[in-house]
Structures are given as C-alpha cells and as structure tokens.
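# Summary of structural features
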There are 2 protein chains.
Amino acid sequence: MIQKTTIWKVSTVLLGIGLVSVLMYGCPSQTEMLDTGDAAQRVYVAPGEYDEYYAFLSGGYSGQLSVWGLPSGRMFRNIPVFSQDPESGYGYSEETKPLLMTSYGFIPWDDSHHPELSLTNSMPDGRWMFINANNTPRVARIDLTSFETVETLELPNTGGNHASTFATENTEYIIGATRFSIPYDMDMDVPIDTYSENFDGSLSFIGVDDETGEMSMDFQILMPPYHYDLGRAGKGPSADWVFFTTYNTEEAHTLLEINASEFDKDYIVAVNWKMAEEYVREGRAETVPAEYYHNMKDENTSVAVSNVHDEVLLLDPRDAPDMIYFLPTPKSPHGVDIDPTGEYIVGGGKLATVIPVHSFSRMLDAIDNDAFEEIINGIPVLEYESTIVGEVENPGLGPLHTEFDGDGHAYTSVYISSEIVKWSLETFEVVDRIDSYYSIGHLMITGGDTPNPDKRYMLGLTKTSRDRFLPTGPKQLHPAQLYDISGDRMEMLLDFPTIGEPHYAQAIPADQIRDNVKQIYDLDANNHPHAVKRTADARVERDGDVVRVYMTNIRSHFTPDNIEGIRVGDEVHFHLTNIEQDWDMVHGFAIKGSNSAEVLIAPGETKTIVWHPQRTGIFPFYCTAFCSALHQEMQGYVRVSPADTDVPLTWRTGED
Amino acid sequence: MIQKTTIWKVSTVLLGIGLVSVLMYGCPSQTEMLDTGDAAQRVYVAPGEYDEYYAFLSGGYSGQLSVWGLPSGRMFRNIPVFSQDPESGYGYSEETKPLLMTSYGFIPWDDSHHPELSLTNSMPDGRWMFINANNTPRVARIDLTSFETVETLELPNTGGNHASTFATENTEYIIGATRFSIPYDMDMDVPIDTYSENFDGSLSFIGVDDETGEMSMDFQILMPPYHYDLGRAGKGPSADWVFFTTYNTEEAHTLLEINASEFDKDYIVAVNWKMAEEYVREGRAETVPAEYYHNMKDENTSVAVSNVHDEVLLLDPRDAPDMIYFLPTPKSPHGVDIDPTGEYIVGGGKLATVIPVHSFSRMLDAIDNDAFEEIINGIPVLEYESTIVGEVENPGLGPLHTEFDGDGHAYTSVYISSEIVKWSLETFEVVDRIDSYYSIGHLMITGGDTPNPDKRYMLGLTKTSRDRFLPTGPKQLHPAQLYDISGDRMEMLLDFPTIGEPHYAQAIPADQIRDNVKQIYDLDANNHPHAVKRTADARVERDGDVVRVYMTNIRSHFTPDNIEGIRVGDEVHFHLTNIEQDWDMVHGFAIKGSNSAEVLIAPGETKTIVWHPQRTGIFPFYCTAFCSALHQEMQGYVRVSPADTDVPLTWRTGED
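The rules we used
- Residues numbered from 1 in each chain as written.
- Chains lettered and ligands numbered in written order.
- Predicted model: local features only at pLDDT ≥ 70, side-chain atom pairs only at ≥ 80, totals over all residues.
- Heavy atoms only, no water.
- Helix = DSSP H or I, 4+ residues; strand = E, 2+ residues; numbered from the N terminus.
- Buried < 20%, exposed > 50% of the residue type's maximum accessible area, 1.4 Å probe, protein only.
- Contact = heavy atoms within 4.5 Å.
- Lys, Arg positive; Asp, Glu negative; His and termini not counted.
- Charge placed at Lys NZ, Arg CZ, Asp CG, Glu CD.
- Buried area = accessible area lost by both parts, 1.4 Å probe.
- Salt bridge = Lys/Arg side-chain N within 4 Å of Asp/Glu carboxyl O.
- Polar contact = N/O pair within 3.5 Å; in protein donor to acceptor, adjacent residues only side chain to side chain.
- Arc of directions from axis to C-beta.
- Phe/Tyr/Trp six-rings, centres within 6.5 Å; stacked < 30°, edge-to-face > 60°.
- Lys NZ or Arg CZ within 6 Å of the ring centre and 35° of its normal.
- Pairing = 2+ DSSP bridges.
- Least-squares fit on C-alpha atoms with pLDDT ≥ 70 in both.
- Disulfide = S-S within 2.5 Å.
- pLDDT = per-residue confidence, 0-100.
- Core = buried A, V, L, I, M, F, W, Y, C linked by side-chain atoms within 4.5 Å.

It is worth spelling out the overall build of chain A at this point. Along its length, chain A carries seven helices and 45 strands. Counting only C-alpha atoms and orienting by the principal axes, one finds that chain A spans roughly 85 × 60 × 55 Å. Residue burial in chain A is summarised as follows: out of 656 residues, 71% are buried. Look at the contacts in chain A between residues 6 or more apart in sequence, and 63% of them connect residues 24 or more apart. The average position of the 44 basic charges and that of the 101 acidic charges among the side chains of chain A differ by 7 Å.

So, in structure tokens, the structure goes:
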C-alpha cells in the first residue's frame, strides 16, 4: 500500500522532531467558550460610524483582494485581481480581459497570497497595493484611489511566485521568486529526474515607477534549484537588503513531504538589492530570452493593453560577488520577518522546535570575517552560529509567521498547535500565548511589519472554521480572529469568516486613505475610444459582421432602447457609457442568453461586452443594478433576424 | 436634446403623483449618528457561540446565494448558482459546467433575485432552497445538506424570470413568469413595434418532486404582453392561489420609464393553481414547441447531466375559465405580499401614494358576484372597490415590499424616501417609521412571509452604501441593516455590507438545519466514473490526444506526483479524488498556465478540470488549499514535450 508507506515515512521523519501530529489538525476538537468581557463594545461600529482601519486580506484561491474594516470585521469590497469576476464583468469585458493575459494565453484564475502596500521610508503611503499570483507567476498593482486592478506583470522563467509581493524601503522594487524550481528556460523539455542538473530557482526584482506606479521586470538572479517560500525587505540598517526563505535544499522532485524534509537546516537568503542594482547598471547581467506579458490599464481610456516582452536581465551570483548569502535556518523555514529596528531576522521553521532569530549586524560581521561554511553557485553559506542571536524555546509546534508591536515583543503564529505565542525581543522568551481556532497561518498586527507598529489589533488568519460557525457543508469558509494586543496579554475579541483563503493581510489607518478615494470617474476625462457622453450621440454601426452599439446609461434609460437588424452570427459589441456623475450610481447591463457575463459600469466609465447571438428572436436587455424607482423600466429589446435577413439596422433613441 | 426631453417627460408624469424626487436617491446626504444603546451586545456572537438564524441572501448581479448568520451579520458561505466561480471551479470543472447549460449555450453569469425555502404547510422545512435567474430565465435548487446547487431548469418562451422563485403551500410548484414580454415563440423574428400584436407574457408552474426535490416544467399560462414583476403564494384560505404583480399594462416597448407609467392602475394577477392543475390534467393545455435545458447533478456520481426538452404544456385562459383574475392595483405595483392569515394581499405600488390592501375573501365574493370591469384575453378584471379593504395613507414615497410580524402589523419598505413604515393590519394606519440608509429595496422579517412569523429581527436590503462605511471607490457594496422588531418600536442594531446585490432574503432558525448538514461526502458512496479511492489505483491513461490523470489527494501528497509524456496539443483531464474523510479537509489543485480554473475538492469528492498544454516545459502543480504543516510540499511536476515526442507516458506514484 503506497499510502501507508508514505504515511509511515512521513511519521518517521517527523517523529524525530516531535511533530507526530503533523497530519492532524492539531486543534481542539470541542468548542471552548471564551470570557469575552466587553469585547462586543470594542468591536461594534455603530451604523453611520467608521472603522479605524482598512484591512486588506489576500484572496488565496479566490485570486482576489478583499477590503475589510477593523475592528468590526465587515467586508467593504472584494477587488477582482487574478480571477474572472462574473458580477462586475472583470475578465469578461473587453476593457479588462487583457489584464488576465499571459504567455500561456488567457488565464481565468489564480491564487493571490501576499498583499503589500506601497512604501515611503518603509511606511505604507496609501498609494498602491501589490499582490502576487502564485500559480502562473505574476504581480498586480491596485490603485487605492479607485480600488481597481490597474496592472499585471508576468514573471518569466519562474515556477510559482509565492515569496511575493514585498516592497523595498521606497518601493524601488517588488520582489518575487520561484517557489517550485523549474528549468530557468521555461520551455525546456527535460526529464524531471534531471532536477539537480537542469532545474533552477530565480529571484525577481520588479521596478516600480515612483510617479506612476508602473512596474517593470528589471532583473532576475539565478539561484540553486531550491524552493523559495517567503520574503521581506529589511528596514533601517538593513533597508538595502531583502530576505527570502528556502526549503527543499534537498533538491527533491517527488514525495516532497518526505524528501524535502530531510535536512536539519535550509536557508534564509540575504540579498543586497542595492548592490545587485549596481551590478546590473555595470552590465554584469546577461540578457536572456524570456517571454512574458505586461498588461496595463490606460489611465485615460480605462482600457487595458497587453505588451509582450521577449528578454530579461539575469544576474548570476558567480558573476556578482558579495551580493548574496545563505543563512542556515532550521528547518524548512516558512516565514521570514524583520523586526521594526531592522536588526532581527526571524525565521519560521515550520518543522523546527525553536524560533530562530538572526542578527543583521552579526550577519555583516560574519560576512566581513568570511565566516563561510561553503559556497554554493557563488553564494557563501554563513556559519549558523555566526548570525544567530536567539532561539525562542517552547514556541509550540510549527511556528510560521511573526509580526511585531514596536514595544519589544514579537508574535508568532504556530500552525500545528493552533496558537499565537508572544515573545520578548530582549530575552527571546515566550511571555504570553493564546489559542487560535484553528490551524493559524499568517497573522497581522496593525503596522506590525513596519518600523512603527501600532500596538492595537492583531488579526489571525486560520485555516479551518469547522465548528466555529453555523455549519454550511463539507467545505467551510476560513475564519479570521481579531485580538486586542494593546495590553500585556493578548485578548480575542471576534471570530469572523473571510472569503477565499486569506494568506496575509495588511492594515492601514483609515484616515490615511479615506479622503483620496474617488467617488466617480470624471466623464469629461473619459477618452475611451467607444465612449458616448451624450444620448444624442448614441448609435449603432455595422462593419461586416461586427456591430457596435454605442449606448448611454442614465437613470432610468438606455439609449438606444430598441435595436433591429442584428443577425445570427454577428459579433455585437455593446459599448456602455454610464453618464451619471453621482457617487455609487452604478448601472449594469445584461442581455438574455448572453454568452459573456454582464458588466457593471461605474459613474463616468465605459465598458464593453461582446455578444454572439446564436438564434433569432426578441432579446430583452435591462439594467442589472437597482438604480432608481423606475429601475425596472430601464430596459430595451434587440431583434435578431436570420443571417440572410434584409431587415435594416435601426435603433430607437427616444426621440423617434 | 434627447436626454432633457426624456427627463422632462418623466418629471411631468411623476409630478402628478408627487414623486418629483424619483430620479434622485431621495436619501439623506449626511450621516446621522444613532443612539444604539446596547445594540453591540445584542448583535455580538462571541467566538465559539452560534448565531440564532441562518439568513439566505440572493446575490442579485452576482448570480449566487450567500448564507449569513443573524444577529451577527457574518457571511458563512457564498454558494455558486448561476455564475462561474473561479475559486471553487464551479462552472469550470467538468462536473459543474452542465449546470450552466441553456438553449443559448453555456452561460457564465446570471442575476439571482428571490431565494425561497421549500415549504411544508407553508412553513420552511429546511430541505431545499430555490432561486431564480432573471436574465436567461431559470430556476435552481440548492440542497441544504451540502449547501450546493444540484439542479437548474430553464424556463422556455420567457423573457426574464423575475417573479420567481416562490413556492406553493407544500412546494407543489415553484412559480416563474415573464418579466419582459416577448413573443411566446421565442425564436419569432418580428418588428419590436408589433409588440401588442406579437408579444406575450407567460406564467410558469414548475413541479417539485416531494421525495427528491427534482423539478419539472409542468405547465405555463399564456398572458397578455404585460411585465410580470413579483409573486407570492397564498396561505391558509388562499393557499390554492398564487399572486403576481404586473406593470406595463400600457404595452410599451420603448421609453418605459414614461410609457409604462401612464395608467393609474396596473394589476395584481390571482391564479387558482389547483384549478389550473386540474385543467392541465383534463387535457385543456396545448402541447407547444419549447426548447429548454434541465440540468441535474447525479446523486451518486456528483456529475451534472443536461437534458434537452422540446415541448411544454400551455394553458390559455380563454380555454380555462374561473382560474385567473386581474385585481386593479395602483400604480406600477412591485411587491405583492400575503399576510400570515392568508386574507390580505398587499401591493407595493412603486409610484402609488398609498399601500393598497386587497381582501382575499372579498375577492372570492367579487368573483361570485361577477363584479368585473372587463375581460382581457379571457381574464376578468375585478372592480377595484370590490376587493380593496384598505389604503394605507402616508406610506412615504415608493412603497415596495411588505412583511409581517404575526402580531397584527405589517412592515413596508419605502424606496424613495428611504424608510420602513410599520402599519396596523386592523386600522391600516402607520404606527411607526424608521430611516433606512439608503434606498431600501426588499426587507425580510424572520419568518415574516410565513403563517407563523417570529417577531424578532428584520433585515433591510438597501441599494447604496455611499457614506455608511469607509469608502472603496465609485462602486460600493450594498448594505443590509438589522433591526430589532420585538418591541413596539423598530430599532436599528447593525449596518453591514453584503455581497452582490441582495434582492430578497429568507431566514430560518439555525436549529432547523444545523444537524442535517453534511460534514463530508462518503467516499464509499462516490460512484464518479473517474474516481480513484486508493493511491494504489492512481494512474495516467492516454487515448489518442486525450490523457486522463486519475489522481488522489490526501495530506500531504498527490499521487501521481511526477508525470511525463504529455504532449503539446493534448487534452489532459485531471480527475482528482480527495480521499480524506474529515470535515472541512479540502484540497485544491492547479497547474501552472492552466487555461481552466483551479478546483477545490471536498472530502470524499471527485472533480475534474481539463488542461490544454500549449507549450513545452516543466509545469508545477500544487495543492491550493493550505491543508497541513507540509502543505507547501504537496506538489508535483508535469513534463510537456513537443507533439511529435517519443517520450513515453510515465508517472511516479511514490513507490518507484
């Protein structure tokens, strides 16, 4: 029996480090009631009042980014990023389909993990949010004035992009990395068991234009065929560096749960990105073939456009000395997190019995002293003892991620034993612990990854809800728990389901964003090539089999509202312009039997869907967003005739 | 200027009935703070405790059905029904794609409006939930043990299906209706301005098997070309009847906001469905051509199968006397709601200055007395005075929907003036009113549409959030407000954003469903034709260009995890069986560059996605749902070679 053998092997590996329960949830089986004191008052935001924080939660397997309020735990928006969204027409409308184009063609889905606010002096500046696609490696940018995805950039020659998106001090770069090593030439057809010989890792440095936010694939670094798991930029003294965790330094390609868990230590990778940038400037990077898409929404037209690139700059550490180092770290580390001072580099060894803490200043000393164990592909491996300054004992089973309160403490999520441990950055001793329900992954403290954390709230992102809420079948939503960390002890305030599977979150004080948020798109500035801004300009045009309907939407009317002369086999483009200029005054459009989705059109915006009528008849269309007292009357009809009809193309605007 | 003319005409029409503000929101422009007293405590559900009610909110333009807890206002699940869901693979996986098939082909999106719990003696029995698709007319059934969509049925010869789904006393029928009249023969190619001559309405009666829940299109009734807006079944004395509202009795086909608002009264349609059923049994219905799809999940295999039908039974009221009547009702009525006793039929005349209340017993008397104004297409129009028993004065501007507390009061949502009015079923006088923020559509009282309401909570579903929450751009989510109605006065407790645009909701006490909910799918009962229940049976098979990967998922391994010999141009079916049998132990599957979505596979389930590899290379796949401490290691590789490769098909199971 293969399965039994597998389980036995896994157990053997894990037994050695005391994690016999790794195949189980490792969580309490019964619900425990909490003494929640005045928690109700502390999370309640009365009707008409505002939450203190915007929290941005990644969608995980939804591919999206959701926006929540803290402390209320209410979702304000689910922004489509890497997956189609039938509701808004994202990934169906002509304006948004290019955002999902890749070198593999149109991709309807991805897995978004780590949202990152743009930074100025390592503090969120509230301009943009970045998030990664893990499956077909990409990075997206979301504009925080419109809360819309405006750009996606594919990472070439990368297998998974998990250690992403994390920003350097002033968002000079967003980082990415190969999660599952593949041959760096991604079209290479080689046997999988030539892994060590032919497979590679890579780290990506995506430049961000400081004015416009526009991204560019600036350079990559060639790495050994390990798996690169998470990343973080340094801050303060370590601001010129970025850090990644690795696992599978065993270079396994099958049965990873056993074969990639053999070594006692893997690595944290430290990269001096300033030095890498300098090497690239000096011309030490090689230009290599690399097909990838860069898709961006045109600011004036709101139409996304795809550009295909065919090469990238690749830096080999063998040609770029003193730029990159391995810090041995126990065992299969997952998270890597940098404390507010920039001095401590905390690993989350998911199979480790301690939380290892490296010192940045000791790392620099070790480099100066050439305290190297060995050199791998041009990358020196520092001696473990030379960089480590603490190992937090008794951290629970499966420490993963750490954030900070700016008050001398770190908080680490512990997956298998389902708890959060709070420990001292002075003594490296655990000072508090609290149950998390259940199987916590990431955690987030308000500002907890910045130089200046706000010791206020902590959000735990747990992996199963089971009996925490009313049951809804074999698959339940993943919950989040809100904790108050302002006192000496952590207190759980609230338990609420999220959507998708949030892997990480960031929060920003509401005041920092709120006043910049757009309420409308300016109709005057709408330069969409198919916009019509006055009902008098509404019309229908035929060019061969392509019919374009230039249609306005305003309470409570579509112009035109009756269209005849459409033929079976036509390709009908509905170009819909919402000519309202009031906040939240959205119209929607759908036509019976449409083989595309609907579209929602925000005030001032133009959106297009294409319809291929396949049979004759009268097809009603209507406004899908309840817009006014006469919303039901906001409808019209299209007549579809046979392909060889002589019914002329006509339309009714309301004047005739 | 067309637009100005339109606005002027609309204004003229509306001025006459005092609704000059109809084109505006009609809602307060500034946020008002509420004295919420101990509301915080009353809505707070502490971690580990349960909500009192399941609430089911339609998704509106999301096409889905969301499940919430009351009083906490937390969402527990968003069930995909009529739209693709990239996250779960619904509408992308081979098992679920047939659920979105229609006579127009595959439809990726629809607009779901009115959820209806199955009824026994007019009370929710917690077995199934039904919901309508408004754009491409359909009805779906959701199983409340799995919270999954298990069936969709298309309504032939129907233009929009808005007045749906509502169930008769023992769920004998689910009703549907044409919202936008079209020629009954839906392929008919006629000029739109032959509306009165060629267009028709229809009412649909969808049978429901009492044992299995399986739906069938039992018969339709041919109606004049009006727009049929909402419906309700009677109860108690009126249980043999169903009621629909109409508007556009003017038979307009253009500029409906003016032309369909001319008459002072439209109708409520009263249909004796028992008598209709009897007429059908007697053979008075005509068999007419009608292409429509009926799609259903096979209980054993969980694979949905589509069946195409080509005819339907049509009853013409001219051939079916005494079965159907028109009750004149002011003005463009929207909602029609029946009080708990079954005696009062309340219209929601959206342009009316009163809330009209008809009496069922007086209606029967009027029928006995032939108190008819005229007869239209075989349908007698009763005299207004003969059925009306009350007109609630001063109801605010734009009354829409009414529910009941079982304690002698009705609660009506009022759209334009953004309020809820509570009025007496004895005096027909308003006794309380409360602001709703903003532009309320439907409202729901716990059990408020049943013979036995629970005078506990009321949910208002409002149409814009604007300044109620932290802003997130030109388009905001639609909020719900929770009210306590247990006392004499309505009290607002909570304001929370929803998802999609909920048009209606129903709630059921949690205890009635909770214990029936499945925690897993029984692996032994899984008869999916491509299931593999033991890793020893995992394998890969080629048949021409079709490759089938029979793969098992269990923490933390895919079997097989290395596959070679796949060729560019192949059609690769990944048949994934989750062999776990623990609650909520979900695995996901995705492969780099996949042109389909991912799939999530619940414990015991088999799901299939198809991949068309378009270029050579090594393609990582991985588990997309964080399942275990070694989740990151749950991955594998597929090698894709050129179409003419001689690389043999091989795979690695972990034994070799």
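Here the narrative resumes.
All right, on to the interface of chain A and chain B then. Contacts between the two partners involve 180 residues from chain A, matched on the other side by 180 residues from chain B. On the chain A side of the contact with chain B, L470, P474 and R615 of chain A bury the most area, a combined 6% of that side's loss. Summed over the shared surface of chain A and chain B, the result is eight salt bridges. The closest approach of N and O atoms between R639 of chain B and D189 of chain A, which form a salt bridge, is 2.6 Å. Counting the contacts that link chain A with chain B gives 78 residue pairs in polar contact (both at pLDDT 80 or more).

Right, let's get into helix α6 (residues 360-368) of chain A. Among all positions of α6 of chain A, only F360, M363, A366 and I367 of chain A are buried. Viewed end-on, α6 of chain A has its buried residues packed into an arc of 110 degrees, placing them on one side of the element.

The next thing to look at is the packing of aromatic side chains. A complete count under the given rule lists 64 aromatic pairs over all chains for this structure. Taking the centre distance of 6.2 Å and the plane angle of 25 degrees together, the rings of F56 of chain A and F147 of chain A count as stacked. In this pair, F56 of chain A sits in strand β1 (residues 53-58) while F147 of chain A sits in the loop between β8 (138-143) and β9 (148-154), placing the two residues 91 residues apart along the sequence. By relative accessible area, F147 of chain A is classed as buried at 0%. Taking 5.6 Å as the distance between ring centres and 70 degrees as the angle between the ring planes, the aromatic pair formed by Y173 of chain A and W273 of chain A counts as edge-to-face. A residue pair is termed long-range when its members are at least 10 positions apart, and Y173 of chain A in strand β11 (residues 173-177) and W273 of chain A in helix α5 (residues 273-281) qualify at 100 residues. In this structure, Y173 of chain A and W273 of chain A share a single accessibility class: buried. Site record: aromatic cluster; members linked through ring pairs are Y104 of chain A together with F558, F574, F589, W611, F619 and F621 of chain B. Geometry around Y247 of chain A places K350 of chain A over its ring, the cationic atom sitting 4.2 Å from the centre.

Moving on, we get to the sheet that holds strand β17 (residues 286-297) of chain A. Residues and elements named next belong to chain A. Pairing within the open sheet is mixed, and its 10 strands lie in the order β6-β7-β8-β9-β17-β18-β13-β12-β11-β10. Two strands lie at the open edges of the sheet, namely β6 (116-120) and β10 (166-167), each paired on one side alone. Across two bridges, β10 lies against β11 in antiparallel orientation. Its bridge partner lying in β11, A167 is registered against I174.

The next thing to look at is the relation of the copies chain A and chain B. One copy of the chain maps onto the other through a rotation about an axis plus a displacement along that axis. Aligned on chain B, chain A shows an RMSD of 0.0 Å; the corresponding rotation is 180 degrees and the shift along the axis is 0.0 Å. Taken together, the rotation and translation relating the two chain copies correspond to the operation of a two-fold axis. By C-alpha distance to the rotation axis, the residue of chain A lying nearest is A40 of chain A, at 2.7 Å. Comparing interface residues between copies, 100% of those in chain A also sit at the interface in chain B, which points to an isologous, same-surface contact.

So, on to the state of the cysteines. Per the counting criterion, the structure on display carries zero disulfides over all chains. Unpaired in this structure, C627 of chain A has its nearest cysteine sulfur neighbour in C623 of chain A, at a distance of 4.0 Å.

Now for the side chain of E564 of chain B. As for its position among the elements, E564 of chain B is in strand β38 (residues 562-567). Only 2.7 Å separates the side chain of E564 of chain B from the backbone nitrogen of I192 of chain A, close enough to count as a polar contact. A distance of 2.8 Å separates the side chain of E564 of chain B from the side chain of R639 of chain B, its partner in a polar contact. When neighbours within four sequence positions are excluded, E564 of chain B is seen to be in contact with P191, I192 and D193 of chain A together with R639, V647, P648, L649 and T650 of chain B.

Turning next to the sheet that holds strand β8 (residues 138-143) of chain B. Residues and elements named next belong to chain B. Spatial strand order, β6-β7-β8-β9-β17-β18-β13-β12-β11-β10: 10 strands in an open sheet with mixed pairing. Of all strands in the sheet, those bounded by a partner on one side alone are β6 (116-120) and β10 (166-167). Two elements, β6 and strand β7 (residues 123-133), share four bridges in a ladder whose sense is antiparallel. Paired with T120 across the strands is M123, a residue of β7.

Time to look at the side chain of E277 of chain A. Mapped onto the secondary structure, E277 of chain A falls in helix α5. When near neighbours in sequence (up to four residues on either side) are disregarded, E277 of chain A contacts Y173 and F219 of chain A.

Glancing now at the confidence of the model for chain A. When pLDDT is low, close inspection of the predicted coordinates is not appropriate. All names here are of chain A. Confidence in the prediction for chain A averages 94 pLDDT; 94% of positions are at 70 or higher. Low pLDDT, under 50, characterises residues 1-34; the stretch is placed with 78 contacts to residues that sit more than four places away or in other chains. Predicted complex metrics record ipTM = 0.95 and pTM = 0.95.

The next thing to look at is the nonpolar core. Residues F574, F589 and V638 of chain A together with F574 and F589 of chain B are the most contacted members of the largest nonpolar core, which totals 90 residues. Beyond its immediate chain neighbours, meaning those up to four positions away, F589 of chain A contacts M551, F558, F574, L576, E598, V599, I601, I609, F621, Y622 and T624 of chain A. By size, the runner-up hydrophobic cluster in this structure holds 48 residues, among which are A39, A40, L459 and L493 of chain A.

Another point: the pairing of strand β7 (residues 123-133) of chain A. Residue and element names in this part refer to chain A. Extensive coverage of β7 is indicated by the burial of nine of its 11 residues. The hairpin formed by β6 and β7 contains two residues between the paired strands, and N121 there has a positive phi angle of roughly 55 degrees. Alignment of β7 against β8, held across six bridges, turns out to be antiparallel. The residue of β8 that forms the bridge with N132 is V139. Remark: four residues form the turn of the hairpin made by β7 and β8, two consecutive strands paired antiparallel.

Below, the discussion takes up the environment of I379 of chain A. Looking at where I379 of chain A falls in the secondary structure, it is placed in strand β24 (residues 379-382). In this structure the C-alpha to C-alpha distance between I379 of chain A and M223 of chain A, which are 156 residues apart in sequence, comes to 8.9 Å.

Quick look at the pattern of salt bridges now. Pairing between side chains of opposite charge can happen when their charged atoms approach one another. Residue and element names in this part refer to chain A. Per the counting criterion, the structure on display carries 69 salt bridges over all chains. With its nearest N and O atoms 3.3 Å apart, the salt bridge here joins K274 to D240. In this pair, K274 is assigned in helix α5 and D240 in the loop between β14 (227-233) and β15 (241-247), connecting sequence segments 34 residues apart. On the basis of relative accessible area, K274 is assigned to the partly exposed category, the value being 36%. Overall, D240 belongs to the partly exposed group, its relative accessible area being 28%. Here R281 makes a salt bridge to E277, at a shortest N to O gap of 3.9 Å.

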